[in-house]
Amino acid sequence: MIPKPPPREPSLGFLYIPPYRIFGESVAGEGTCLQVPELDLGFDIGSCPRAILPAKHLAITHGHMDHIGALAYFCSQRRFQGMGNAKIICDTRIAPAIKRMMEGFVDLERQRTPYDLIPLLPDQPYEVKNNIFLRGFETEHTCPSFGYVVSEKRTKLKPEYLDLPQEKLRELKDRGVEITRSFEIPLIAYTGDTAPGPHLIREDVRKAKIIITECTFFEPDHKDRAKVGMHMHIDNVAEWLRVLECEAIILVHVSRRTELSYARERVAQIAGDKAANKVHILMDYRTNKARYEQQLMDAEARESGRAGARAAASVPAPAPAVTESQDE
Ligand SMILES: [Zn+2]
Ligand SMILES: [Zn+2]
């Protein structure tokens, strides 16, 4: 008998919540890394699959190994593949330790891997893309920890100027009158590892279109374990869901011991059928794959519907029947 080959590595978890793709891998205690390509942004780097490398910015939530263990490798691989310096965003409280860790590799490798470290204070905005801002906020975990919210800044004409003609608006603007007001729309919030707390009901978290949150425990008798490790339990998510305005909530950091079918069952139980539709588990490949295939079919149907409508529009309409009055 020849020995068995090693187990096949699972592929990345993937969800498409228009207009964003969210993918990565995440298992509690083992490794979490996420990416949103449309925002050029990744979160955490506990492991570093190739698909994660393009993230221009990487926001680190905290220093647990399963969230930061592959950071040096990420910076080095980006450099090796000619992708430019990694831009690492973190909580100011952990920036010195990250620097020391990276210095350790300089000694080990006898070469310096360049990277840009961007420490943020709570609520200090950082522009990751044009008009797209990232902010960190303190969460509650067993070490200093940050969650993040990505918001889009938009400007709108103030209501009192809405009816004015263009030239009048231009004239006001030239005179230095502030005719617009700006506001922010929270797009994505990511909690990192955290116990429930007031940070979860911040206005921008509550109103974020997509929420990515850890949910480490699902079993009813694991509530104490969640408390000790300062993690979220599915019951905390259920309570939180009631005040959230999000279109989708993505659960990550599920422990390996949790069967996905059981996790799905628990989600349906605690959230009710209607809300359960917006709760996704990142690493539930089978459900997410079926969902994506349905999205593809819907898009195709829409496309062929549009093509049909276009074709119908381009056929010349039959000439209106003319009733000729013979004798007039
Ligand atoms: Zn973790
Ligand atoms: Zn942690």
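Attention here is on the structure that accompanies the text. Values in this document were obtained by computation on a predicted structure and should not be read as measured data.

A separate point is the side chain of Thr213. Turning to its location among the elements, Thr213 is positioned in strand 12 (residues 210-214). Only 3.3 Å separates the side chain of Thr213 from the side chain of Thr191, close enough to count as a polar contact.

A word on the sheet that holds strand 7 (residues 115-120). Strand order in this open sheet of seven strands is 1-2-3-4-5-6-7, and the pairing throughout is mixed. Looking at strand neighbours, the two that pair on one side only are strand 1 (13-17) and strand 7, the edges of this open sheet. If you compare each strand with its neighbour and ignore which way they point, the axes differ by 20 degrees on average. The pairing of strand 2 (residues 20-27) with strand 3 (residues 31-36) spans five bridges and is antiparallel. Paired with Phe23 across the two strands is Gln35, which belongs to strand 3.

On to the coordination of the zinc ion (ligand 1), then. Donor atoms from the polypeptide that coordinate the zinc ion (ligand 1) comprise Asp66 (OD), His67 (NE2), Asp193 (OD) and His253 (NE2), at 2.1 to 2.2 Å from the metal. Viewed at the metal, the four donor atoms of the zinc ion (ligand 1) are separated by angles of 85 to 170 degrees, and the geometry they form is irregular. Read in sequence order, the donor residues coordinating the zinc ion (ligand 1) give the pattern D-H-x125-D-x59-H. Separation of the zinc ion (ligand 1) from the zinc ion (ligand 2) amounts to 3.5 Å, with Asp193 serving as a shared donor to the pair. Remark: Asp193 occurs in the loop between strand 11 (180-190) and helix 5 (203-206) and Asp66 occurs in helix 1 (residues 65-68); sequence separation between them is 127 residues. Both residues of the pair, Asp66 and Asp193, belong to the buried class.

Let us look at the pairing of strand 9 (residues 132-138). By the criterion of burial, strand 9 is predominantly enclosed, with six of the seven residues buried. Sheet analysis places strand 8 (residues 126-129) next to strand 9, joined by three bridges and oriented antiparallel. Bridge pairing in strand 9 places Lys129 opposite Ile132. Where strand 9 meets strand 10 (residues 146-157), seven bridges bridge the pair, whose relative direction is antiparallel.

Its 17 residues give helix 8 (residues 260-276) an end-to-end C-alpha distance of only 14 Å, which falls more than 12% under 24 Å, the value for a rise of 1.5 Å per residue. Residues of helix 8 that are buried sit in contact with helix 7 (234-241), strand 13 (248-252) and strand 14 (279-281).

Ordered in space as 8-9-10-11-12-13-14, the seven strands form an open sheet in which the pairing is mixed. The open sheet has two edge strands with one neighbour each: strand 8 and strand 14. This sheet shows a mean twist of 35 degrees between the axes of neighbouring strands, independent of strand direction. Together, strand 12, strand 13 and strand 14 form the strand contacts of helix 7, whose direction differs from that of strand 13 by roughly 165 degrees. With respect to the sheet, helix 8 is in contact with strand 13 and strand 14, its orientation differing from that of strand 14 by roughly 165 degrees.

Attention now goes to the side chain of Asp91. In this structure, Asp91 sits in strand 6 (residues 86-91). Reaching out from Asp91, the side chain makes a polar contact with the side chain of Arg93 at a distance of 2.6 Å. Leave out the neighbours within four places in its chain, and Asp91 touches Leu120, Pro144, Ser145, Phe146 and Tyr148.

About the criteria used
- Residues numbered from 1 in each chain as written.
- Chains lettered and ligands numbered in written order.
- Predicted model: local features only at pLDDT ≥ 70, side-chain atom pairs only at ≥ 80, totals over all residues.
- Heavy atoms only, no water.
- Helix = DSSP H or I, 4+ residues; strand = E, 2+ residues; numbered from the N terminus.
- Polar contact = N/O pair within 3.5 Å; in protein donor to acceptor, adjacent residues only side chain to side chain.
- Pairing = 2+ DSSP bridges.
- Axes fitted to C-alpha atoms, helices over the stretch in contact; angles between N-to-C directions.
- Donors = N, O, S within 2.8 Å, 3.2 Å for Na, K, Ca; no water.
- Tetrahedral: all angles 85-135°; square planar, octahedral: opposite > 155°, others 65-115°.
- Buried < 20%, exposed > 50% of the residue type's maximum accessible area, 1.4 Å probe, protein only.
- Expected span 1.5 Å × (residues − 1).
- Contact = heavy atoms within 4.5 Å.

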